[in-house]
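One-letter residues, chain by chain:
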Amino acid sequence: MRFDLSFLNRPRGKESHDPLAEGLARVEEALKELTGTVSQVTKGQFQLTALVESQAETLEETAGNINEGLARAGEQMDTQVSREQEEKALAVLLREFLPVLDGLDRILEFVNQNQEITRISFGPSLVEGLKSLADRAAQALAALGVKRLPATGRPFDPHRHHAVKAVPVTDPELDGRVLQEVMAGYEMRGRVVRYASVVVAVRQEDQER
Amino acid sequence: MSSTVIGIDLGTTNSVAAALIDGKPTVLESGGERLIPSVVGLSPGGELLTGTPAKHQYVVSPDRTIKSVKRQMGQEVLLPLGGRTCTPAEISALILRKVTAVARESLGRPVGQAVITVPAYFTDIQRQATLQAGEMAGLEVLRIINEPTAAALAYGLGQQSHEKVLVYDLGGGTFDVSIVEIENGVVEVLATAGNNHLGGDDFDERLVDHLGAQFRKQHGTDPREDAQALARLTAAAENAKIHLSSHPFARIREPFLLTAGDRPLNLDLEVSRIRFIDLIEDLLQSTIELTAKVLEDAALQARDLDRVLLVGGSTRIPAVREMVTDFLGHSPHGEINPDECVALGAAVQAGLATGAGVDMVLVDVNPYSLGVRSLGRSFGLVHNDLMSVIIPRNTAIPVSRSELYSTTSDNQKEVRIQVYQGESKIASKNILLGEFALDDLPPLPAGEPEIVVTFDYDIDGMVHVSAVERSSGREKEITIKGTGEKMPESTVSGPSAARRKAAVRKAKKLLQELGEHERRPLEGLLKSLELAEKQGNQQQADTLVEDLWELLYENRG
């Protein structure tokens with residue numbers, strides 16, 4: 001469309017009411033507005049594109065992390081190390097509870113060494129109750145695959161017992177045997193969780209050397 | 001490489017093996033053992049025992065068991081082992097054979113070469129004996145290095161720098177303090193001092209004596225005179241000592257420890273950390289005197305030192321760290337496991353000697369000191385804005401520490417626990433991470449309530465802070481994020497955050513395409529934005545983001 005705009009160059013009166021001129025002025029204004037709006041839209045478009053790109057990158061990264069995490073989780077599930085970890089955790093748990101079992105041992109020891117007085121003061125049920133509790137404890141341990149290390153009366157075994165005291169004896173039968181258990185030892189599936197602390201009998205001559 | 005080079009700390013009481021695994025210095029363990037007792041024995045049945053089983057039989061067969069042979073290395077003596085006699089080097093060889101076996105089991109590969117550590121004061125003869133021991137154990141000994149040097153290597157010191165390092169080594173049975181100068185990998189020992197018969201075992205003994213005496217006062221009999229009771233008391237004392245390293249009180253309970261006729265006697269005592277330190281004060285003081293001596297021998301002042309390292313299990317006692325810090329004016333490094341540090345350093349040396357790529361010993365530590373604001377004395381003046389550090393910076397995490405506090409006025413009803421992070425001695429100059437009040441305190445004179453504040457820093461960087469008033473059991477706790485600046489929610493997520501992130505991303509990509517001259521305004525803008533974010537200045541950050549968009553649009557090409 002071609003407009004002949006030469007009339008614009010005609011000198012105009014101060015108060016000439018020229019509908020055409022007015023219309024053109026309005027078009028000029030509208031064009032300016034439109035250019036402004038278009039440039040705004042273009043700016044917004046630019047920002048929007050940048051935003052979308054950035055979000056896409058974030059999503060890609062997150063997807064990558066998730067995949068990595070899944071792969072690692074898959075690996076962990078496949079390994080057989082978990083059995084070892086389970087045993088380690090169980091050993092730690094056991095070690096925390098050992099003082100409680102030790103306490104039970106001490107009470108039983110005392111009661112066994114003072115059976116008469118205990119029975120007189122408390123009747124037979126205290127001793128029975130304690131023994132029953134001790135059995136219950138052994139049951140719980142057995143369920144976890146934990147065994148108490150045999151000590152008293154057995155030959156001293158440095159792989160299972162830690163000697164805290166040597167007591168001189170003359171009887172050769174007793175030589176090298178565990179006389180007393182200071183603290184019980186425990187093993188779990190063949191591995192020693194705690195060594196037994198023991199008092200060992202030693203033949204008289206050896207001690208004098 | 002079909003066989004591996006390992007590093008071995010051949011200690012007086014225990015030995016440790018370490019190796020580079022994927023470039024990382026790692027302690028080797030087998031059958032749950034990391035520290036192998038340096039003990040050799042021959043059972044009555046003729047079985048050769050090394051390590052833990054040998055230690056177990058010592059009391060029963062002292063003439064067939066050899067401990068602490070390191071003290072006799074280099075001496076022309078023959079030590080009896082059952083019917084035979086052995087030189088100290090031969091005994092050490094047996095220990096090294098055991099250590100090598102543990103290493104081999106751990107690595108799943110044969111071990112043919114090793115770097116072995118010795119004390120800095122070892123003479124040539126003593127070093128020769130150690131070398132011999134290694135060879136007898138079937139090892140090719142690549143290097144014999146000094147223990148303080150190994151510790152420095154574990155901390156990555158002296159590789160590309162010139163440093164004067166003081167190593168304070170307090171173990172189970174011995175104390176050694178040395179000053180070494182390291183320059184670009186070359187080490188010179190400037191001075192050493194020590195006490196061959198001073199260590200954690202002595203601290204245990206003092207505590208056992210204290211507990212025994214207390215028990216006797218209470219019950220009239222001394223548990224130290226009964227073998228069984230003494231054994232249990234000793235084990236309990238050792239546990240209490242360890243507990244006191246991270247708590248201000250330890251409760252020691254041994255029910256039915258002894259019987260008096262037909263009466264069972266229970267041990268139920270509490271030991272405070274302060275009391276424990278009292279018991280061993282003179283021993284600790286003697287280590288400080290030896291530290292002073294070593295500085296004198298090296299003709300140095302404490303301020304001439306670049307670093308101070310803590311080695312040996314007994315340096316876990318907080319009082320040891322405090323005394324060293326006070327005396328030397330340096331904050332010592334102890335974040336690498338002090339029992340294993342020397343072995344790890346030997347592994348680093350093994351790596352360097354074979355040209356393997358060596359990674360740093362990585363330890364997760366807290367980067368800033370954490371503590372509470374308290375009232376105290378500083379330079380003779382009382383002021384109420386003191387930073388009382390509970391977890392010093394560079395402590396290996398996860399870690400749990402407790403300290404004891406009290407009230408400042410009579411019948412005080414509450415205490416404000418203000419948790420700060422930072423290195424300033426003035427609490428308010430550090431960053432306040434959180435605060436809470438422990439209220440409803442029982443009416444007591446000032447200074448009497450015992451308020452135990454515990455900081456539990458877990459592996460995720462969260463700090464759980466709790467305060468307990470011991471007599472009433474009143475307890476309160478909060479959880480805070482241990483590190484980092486605090487940012488308002490909106491700056492971390494949400495639409496404006498997305499716009500900001502997108503702008504920064506685009507800007508960074510654009511930077512790569514722009515020439516030198518055009519880059520500067522963009523870089524400047526990014527820097528200002530970063531600063532505004534760090535300071536938590538939301539408004540400024542928003543303005544800068546808009547400026548950034550303008551700049552990006554102009555350069556859209």
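Residues numbered from 1 in each chain as written. Chains lettered and ligands numbered in written order. Predicted model: local features only at pLDDT ≥ 70, side-chain atom pairs only at ≥ 80, totals over all residues. Heavy atoms only, no water.

### Topic: the confidence of the model for chain A
In step 1: Summarising the model, chain A shows a mean pLDDT of 81, and 87% of its residues fall at 70 or more.
In step 2: Mean pLDDT values for the elements of chain A range from 57 in helix α5 (residues 204–208) of chain A up to 94 in strand β6 (residues 196–203) of chain A. (pLDDT = per-residue confidence, 0-100. Helix = DSSP H or I, 4+ residues; strand = E, 2+ residues; numbered from the N terminus.)

### What to know about the sheet that holds strand β23 (residues 451–457) of chain B
All names here are of chain B.
In step 1: Strands sit in the order β20-β23-β24-β25 across an open sheet of 4 strands; the sheet is antiparallel. Since the sheet does not close on itself, it has two edges, and those belong to β20 (399–405) and β25 (474–481), each with one partner. The average undirected angle you get between the axes of adjacent strands in this sheet is 15°.
In step 2: Where β20 lies against β23, 7 bridges are found, and the strand directions are antiparallel. When the sheet's bridge partners are listed, R401 is paired in β23 with F455. (Pairing = 2+ DSSP bridges. Axes fitted to C-alpha atoms, helices over the stretch in contact; angles between N-to-C directions.)

### Brief notes about the domain arrangement of chain A
Accessible area lost upon the coming together of the parts serves often as the stated size of an interface.
In step 1: Domain annotation for chain A reports domain 1 (20–62) and domain 2 (84–208).
In step 2: Centre-to-centre, using C-alpha coordinates, domain 1 of chain A lies 85 Å away from domain 2 of chain A. (Domains from an automatic or database assignment.)

### Things to note about the packing of aromatic side chains
Aromatic rings considered in pairs are described by the distance between their centres and by the relative angle of their planes.
In step 1: A full pass over the atoms with the stated rule returns 5 aromatic pairs over all chains.
In step 2: Measuring from centroid to centroid gives 6.0 Å for B:Y121 and B:F122, while their planes differ by 70°, and the two rings are edge-to-face.
In step 3: Take B:F122: its relative accessible area is 7%, and that puts it in the buried class.
In step 4: Taken together, the aromatic side chains of A:F46, B:W549 and B:Y553 make up a single cluster linked through ring pairs.
In step 5: For B:K67, the ring lying beneath its charged end belongs to B:Y58, and the centroid distance is 4.1 Å.
In step 6: The ring of B:F249 has B:R470 sitting right over it, with the charged end atom 3.6 Å from the ring centre. (Phe/Tyr/Trp six-rings, centres within 6.5 Å; stacked < 30°, edge-to-face > 60°. Buried < 20%, exposed > 50% of the residue type's maximum accessible area, 1.4 Å probe, protein only. Lys NZ or Arg CZ within 6 Å of the ring centre and 35° of its normal.)

### What about the interface of chain B and chain A?
In step 1: Listed per partner, the contact involves 36 residues of chain B and 38 residues of chain A.
In step 2: Between chain B and chain A lies a buried interface of about 3200 Å² when both sides are counted; carbon and sulfur atoms form 64% of it.
In step 3: Linking chain B with chain A are 1 salt bridge, by the criterion used here.
In step 4: The residue A:K43 makes a salt bridge to B:E550 at a minimum N-O spacing of 3.4 Å.
In step 5: At the boundary of chain B with chain A, the tally comes to 8 residue pairs in polar contact (both at pLDDT 80 or more).
In step 6: At the level of elements, α1 (52–57), α6 (227–244), β15 (249–260), β16 (263–272), α11 (495–513) and α13 (538–554) of chain B are the ones that each hand at least two residues to the side of chain B that touches chain A.
In step 7: At 7 residues, α11(B) tops the list of elements feeding residues into the side of chain B that touches chain A.
In step 8: Looking at the side of chain B that touches chain A residue by residue, the classes come out as 14 nonpolar, 8 polar and 14 charged. (Contact = heavy atoms within 4.5 Å. Buried area = accessible area lost by both parts, 1.4 Å probe. Salt bridge = Lys/Arg side-chain N within 4 Å of Asp/Glu carboxyl O. Polar contact = N/O pair within 3.5 Å; in protein donor to acceptor, adjacent residues only side chain to side chain. Nonpolar A, V, L, I, M, F, W, Y, C, P; charged D, E, K, R; others polar.)

### Some remarks on the sheet that holds β6(A)
In step 1: Pairing is mixed across the open sheet formed by 3 strands, whose spatial order is β2-β6-β3 (chain A). Two strands close off the open sheet at either side, each with one partner strand: β2 (161–169) and β3 (178–183) of chain A. Each neighbouring strand pair of the sheet contributes to a mean axis angle of 25°, computed without reference to strand direction.
In step 2: Taken together, the 4 bridges between β3(A) and β6(A) define a ladder with antiparallel strand orientation. Within β6(A), the position partnered with A:V178 by the bridge is A:V200.
In step 3: Lying on the sheet, α6(B) is in contact with β2 and β3 of chain A; it crosses β3(A) at an angle near 35°.

### Overview of the pattern of salt bridges
In step 1: The tally for this structure, following the rule as stated, stands at 31 salt bridges over all chains.
In step 2: Between A:D175 and A:R203 there is a salt bridge whose closest N-O contact spans 3.8 Å. Within this pair, whereas A:D175 is found in the loop between β2 and β3, its partner A:R203 is found in strand β6, the two being separated by 28 residues in sequence.
In step 3: In this structure, B:E29 and B:R34 form a salt bridge, with 2.8 Å as the shortest nitrogen-oxygen distance.
In step 4: Judged by relative accessible area, B:E29 falls into the partly exposed class, the value being 27%.
In step 5: The class for B:R34 is partly exposed, based on a relative accessible area of 32%.

### A short note on the nonpolar core
All names here are of chain B.
In step 1: Counting 50 residues, the largest nonpolar core has L166 and F276 as the members making the most contacts within it.
In step 2: For this core, the element with the most residues is helix α7 (residues 273–297), which contributes 10 residues.
In step 3: When residues no more than four places from it in sequence are discounted, the contact partners of F276 are F203, L207, K241, L244, V271 and I317.
In step 4: Membership of the second largest hydrophobic core comes to 34 residues, among which are I6, L79, I91 and V141. (Core = buried A, V, L, I, M, F, W, Y, C linked by side-chain atoms within 4.5 Å.)

### Notes on unusual backbone geometry
All names here are of chain B.
In step 1: That bond from I397 to P398 is cis: its omega, 5°, falls within 30 degrees of zero.
In step 2: Checked against the element boundaries, P398 lands in the loop between β19 (381–391) and β20.
In step 3: Even without glycine at this site, D22 takes up a positive phi of about 55°.
In step 4: Position of D22 among the secondary structure elements: in the loop between β2 (14–21) and β3 (24–27).
In step 5: The backbone phi angle of F256 is positive, close to 55°, even though this residue is not glycine.
In step 6: Turning to its location among the elements, F256 is positioned in strand β15.

### Some points on the packing of helix α3 (residues 115–122) of chain A against helix α4 (residues 124–143) of chain A
Residue and element names in this part refer to chain A.
In step 1: Their axes nearest at 6 Å, the elements α3 and α4 cross at an angle of 115°. Between α3 and α4, the angle falls in the class roughly perpendicular. Where α3 abuts α4, its residues T118, R119 and F122 lie against P124, S125, L126 and V127.
In step 2: Residues belonging to the contact of α3 with α4 are distributed by class as follows: 4 nonpolar, 2 polar and 1 charged. (Parallel < 35°, antiparallel > 145°, perpendicular 65-115°, else oblique.)

### Regarding the packing of helix α2 (residues 88–107) of chain B against helix α3 (residues 124–136) of chain B
Residue and element names in this part refer to chain B.
In step 1: Running from N to C, α2 and α3 point in directions that differ by 50°, and their axes come no closer than 8 Å. When the axes of α2 and α3 are compared, the pair comes out oblique. Handedness of the α2/α3 crossing: right-handed. Touching A89, E90, S92, A93 and L96 of α2 are A129, Q132, A133, G134 and M136, all from α3.
In step 2: Taken together, the residues of the contact of α2 with α3 sort by class into 6 nonpolar, 3 polar and 1 charged. (Left-handed = near helix turned anticlockwise from the far one by under 90°.)

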